[in-house]
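# Notes for the structure review
As a plain string of letters, each chain reads:
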Amino acid sequence: MFFPGSLATTLKIECIVEQTYGPWWQSLHRTMLRGILGKTFRLVGYTIQYACIAHCAFEYVGGVVMCSGPSMEPTIQNSDIVCAENLSRHFYGIQRGDIVIAKSPSDPKSNICKRVIGLEGDKILTSRPSDFFKSHNYVPTGHVWLEGDNLQNSTDSRYYGPVPYGLIRGRIFFKVSQVILKSSKANQTRPR
């Protein structure tokens, strides 16, 4: 007596299939299985390769970033899209006046977009123009001084001090939304 799923039942079914269809069935079955497994492994392999390439490109070359918040107005408006390159930070190519993307020193889960005001060794005026006593800070080695263009509405190095150079993620080199707005205005028709 044969039980379903037992070895004897499986052997009996294989014998019936072999007698009915012959060895070509087994060859076809193996070929199909190899083809399906081969395609699946190739797809997984290509997916892993492309994911590694994308990771390296975004980590070391650059990427597209959407900036939010009013701290960089009027230079960068809320929800502006910018392109950032990451090579400058690796080769210490960050200069005074550059706009950078950095990890926030007060909240490491978020990024900030600020202008580089001072590099290591620079003397920075940290008091307001209306203050009677002027105070200065020196930017220590391995740090930069970051401030937003909208000084009245920016949390920056005046609040949390000099930012370590290692927190800089990239330098902004192109503002995408400005190009899009100019092209969309050019395509608009004027009423007559």
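Residues numbered from 1 in each chain as written. Predicted model: local features only at pLDDT ≥ 70, side-chain atom pairs only at ≥ 80, totals over all residues. Heavy atoms only, no water.

### A look at the environment of L119
Along the chain, the position of L119 falls in the loop between strand 4 (111–118) and strand 5 (123–125). In this structure L119 comes out as buried when scored by relative accessible area, which is 18%. Taking the C-alpha atoms as reference, L119 lies 10.0 Å from V163; in sequence the two are 44 residues apart. Ignoring any residue separated from it by four or fewer positions in sequence, one finds L119 in contact with I94, Q95, R96, V139, H143 and V144. (Helix = DSSP H or I, 4+ residues; strand = E, 2+ residues; numbered from the N terminus. Buried < 20%, exposed > 50% of the residue type's maximum accessible area, 1.4 Å probe, protein only. Contact = heavy atoms within 4.5 Å.)

### Digging into the environment of S71
Within the secondary structure, S71 is located in the loop between strand 1 (62–67) and strand 2 (80–85). Measuring from C-alpha to C-alpha, the distance between S71 and D149 comes to 6.3 Å, with 78 residues separating the pair along the chain. S71 has contacts with C113, K114, G148, D149, N150, N153 and S154, leaving out every residue within four places of it along the chain. Here K114 takes part through its side chain, which lies 3.0 Å from a polar atom of the side chain of S71. (Polar contact = N/O pair within 3.5 Å; in protein donor to acceptor, adjacent residues only side chain to side chain.)

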